[in-house]
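Descriptive structure summary
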Amino acid sequence: KNEVEQSPQNLTAQEGEFITINCSYSVGISALHWLQQHPGGGIVSLFMLSSGKKKHGRLIATINIQEKHSSLHITASHPRDSAVYICALLYSGAGSYQLTFGKGTKLSVIP
Amino acid sequence: EAQVTQNPRYLITVTGKKLTVTCSQNMNHEYMSWYRQDPGLGLRQIYYSMNVEVTDKGDVPEGYKVSRKEKRNFPLILESPSPNQTSLYFCASSFGTSGSFYEQYFGPGTRLTVT
């Protein structure tokens, strides 16, 4: 069973700060999702990564398959970025397609 | 509008009374999945489906059933609900089969309370 560790669990930042959320895992995976869960409960997929780096607006996600580690960066953070960020590991192969989730990082951005 | 819908959004029921939570997507996605979210435990996968008539267990399938008779629908059935199934449930869908990886689209969630 793959262990997924997200850090930090909670993060408070001032508006404009650069933010990094980390996700480490113990067993090889097919790909990794970063998800955002809004305070109202809705979940949005931010990125799906199997290698390298992806960028969307102020968000950047990286993954290092050899080191079993991924990071989510938010540049110029804003109060509307306040949410829970969840990494999810995807195992795919031989007809299976299973996801294992981290426990999430709660981000609060203060004006 | 591309979306995943779930019904009902809120449900309070009693132990042992069979219930179904519906999930429907309008994006012609092959893959659909059910998750539950509990405080301190995070999200956990219940069942998933790679396509019509193809379903498989996730991490916590006990006490749940699913079926995939049509591509757009993936209902979650609790034959005899128990209080430990009180949770927030999410349905999700995506393109792709084994070997292809795409983002998942999540439904709005169903908050179930079993008394």
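In the block above lies the structure referred to throughout.
Residues numbered from 1 in each chain as written. Chains lettered and ligands numbered in written order. Predicted model: local features only at pLDDT ≥ 70, side-chain atom pairs only at ≥ 80, totals over all residues. Heavy atoms only, no water.

**A look at the nonpolar core**
By size, the foremost hydrophobic cluster in this structure holds 23 residues, and its most contacted members are Leu 32, Trp 34 and Leu 89 of chain A. Where this core is concerned, the elements lending two or more residues are strand 3 (19-25), strand 4 (31-37), strand 5 (43-49), strand 7 (59-64), strand 8 (69-74), strand 9 (83-93) and strand 11 (105-110) of chain A. (Core = buried A, V, L, I, M, F, W, Y, C linked by side-chain atoms within 4.5 Å. Buried < 20%, exposed > 50% of the residue type's maximum accessible area, 1.4 Å probe, protein only. Helix = DSSP H or I, 4+ residues; strand = E, 2+ residues; numbered from the N terminus.)

**Some remarks on the layout of surface pockets**
Taking a probe equal in size to a water molecule and rolling it over the atoms shows the remaining empty space. When its volume is computed, the largest pocket comes out at roughly 790 Å³. Lining the largest pocket are 36 residues, and of these Gln 37, Gly 41 and Val 84 of chain A together with Gln 37 and Leu 88 of chain B sit closest to its centre. Secondary-structure elements contributing two or more residues to the lining of the largest pocket are strand 9 and strand 11 of chain A together with strand 4 (31-38), strand 5 (42-51), strand 9 (87-94) and strand 11 (110-114) of chain B. Per-element tally for the lining of the largest pocket: the top contributor is strand 11 of chain A, with four residues. (1 Å grid on protein atoms, 1.4 Å probe; cavity = no way out; pocket = protein on both sides within 12 Å on 5 of 7 lines; lining within 4 Å. Points joined across faces, edges and corners; volume = space filled by probe spheres on them.)

**Notes on the state of the cysteines**
In this structure the tally under the stated criterion is two disulfides over all chains. Linked covalently through their sulfurs, Cys 23 of chain A and Cys 87 of chain A form a disulfide whose S-S length is 2.1 Å. A torsion of 65 degrees about the S-S bond marks the disulfide between Cys 23 of chain A and Cys 87 of chain A as right-handed. Remark: Cys 87 of chain A occurs in strand 9 and Cys 23 of chain A occurs in strand 3; sequence separation between them is 64 residues. Across the pair, Cys 87 of chain A and Cys 23 of chain A agree in class, each one buried. The side chain of Cys 23 of chain B participates in a disulfide bridge whose partner is Cys 91 of chain B; the two sulfur atoms lie 1.8 Å from each other. One quick way to see it: the torsion about the S-S bond of Cys 23 of chain B and Cys 91 of chain B is about -70 degrees, and its sign makes the bridge left-handed. (Disulfide = S-S within 2.5 Å.)

**Digging into the side chain of Ser 77 of chain A**
Residue and element names in this part refer to chain A. Here Ser 77 shows up in the loop between strand 8 and strand 9. A distance of 3.3 Å separates a polar side-chain atom of Ser 77 from the backbone oxygen of Gln 14. Ser 77 has contacts with Gln 14, Glu 15, Gly 16, Glu 17, Ile 19, Arg 58 and Val 109, leaving out every residue within four places of it along the chain. (Polar contact = N/O pair within 3.5 Å; in protein donor to acceptor, adjacent residues only side chain to side chain. Contact = heavy atoms within 4.5 Å.)

**Focus: the interface of chain A and chain B**
The extent of an interface is frequently quoted as the accessible surface area lost upon association of the parts. The interface is formed by 23 residues belonging to chain A together with 24 residues belonging to chain B. Of the roughly 1,900 Å² buried at the junction of chain A and chain B (both faces included), carbon and sulfur atoms supply 56%. In terms of surface lost to chain B, no three residues of chain A exceed Ile 43, Tyr 97 and Phe 101 of chain A, which account for 35% of the buried area on that side. Here chain A is connected to chain B by zero salt bridges. Counting across the interface, chain A meets chain B through three residue pairs in polar contact (both at pLDDT 80 or more). Residue assignment for the side of chain A that touches chain B shows that the elements contributing at least two residues are strand 4, strand 5, strand 9 and strand 10 (96-101) of chain A. Ranked by the residues each element gives to the side of chain A that touches chain B, the list is headed by strand 10 of chain A, at six residues. Split into classes, the residues belonging to the side of chain A that touches chain B amount to ten nonpolar, eleven polar and two charged. (Buried area = accessible area lost by both parts, 1.4 Å probe. Salt bridge = Lys/Arg side-chain N within 4 Å of Asp/Glu carboxyl O. Nonpolar A, V, L, I, M, F, W, Y, C, P; charged D, E, K, R; others polar.)

**Regarding the pairing of strand 3 (residues 19-25) of chain B**
Residues and elements named next belong to chain B. In terms of burial, strand 3 is largely enclosed, as five of its seven residues are buried. Judged from the four bridges that link them, strand 1 (residues 4-7) and strand 3 form a sheet pairing that is antiparallel. When the bridges of strand 3 are listed, Asn 7 appears paired with Thr 22. Across three bridges, the pairing between strand 3 and strand 8 (residues 76-78) is antiparallel. Residue Leu 19 lies in a different strand from strand 8, and its bridge partner there is Leu 78. (Pairing = 2+ DSSP bridges.)

**Section: unusual backbone geometry**
Most peptide bonds take the trans configuration, and most residues that are not glycine carry a negative phi. In this model, Ser 7 of chain A is joined to Pro 8 of chain A through a cis peptide bond whose omega is -10 degrees. Note that Pro 8 of chain A resides in the loop between strand 1 (4-7) and strand 2 (10-14). Here the residue pair Asn 7 of chain B and Pro 8 of chain B is connected by a cis peptide bond, since its omega of -5 degrees sits within 30 degrees of zero. Examined against the element boundaries, Pro 8 of chain B turns out to sit in the loop between strand 1 and strand 2 (10-13). The phi dihedral of Ala 76 of chain A falls on the positive side, at around 45 degrees, and the residue is not glycine. Not every positive phi belongs to a glycine, and Asn 28 of chain B is a case in point at roughly 60 degrees. Relative to the elements of secondary structure, Asn 28 of chain B occurs in the loop between strand 3 and strand 4.

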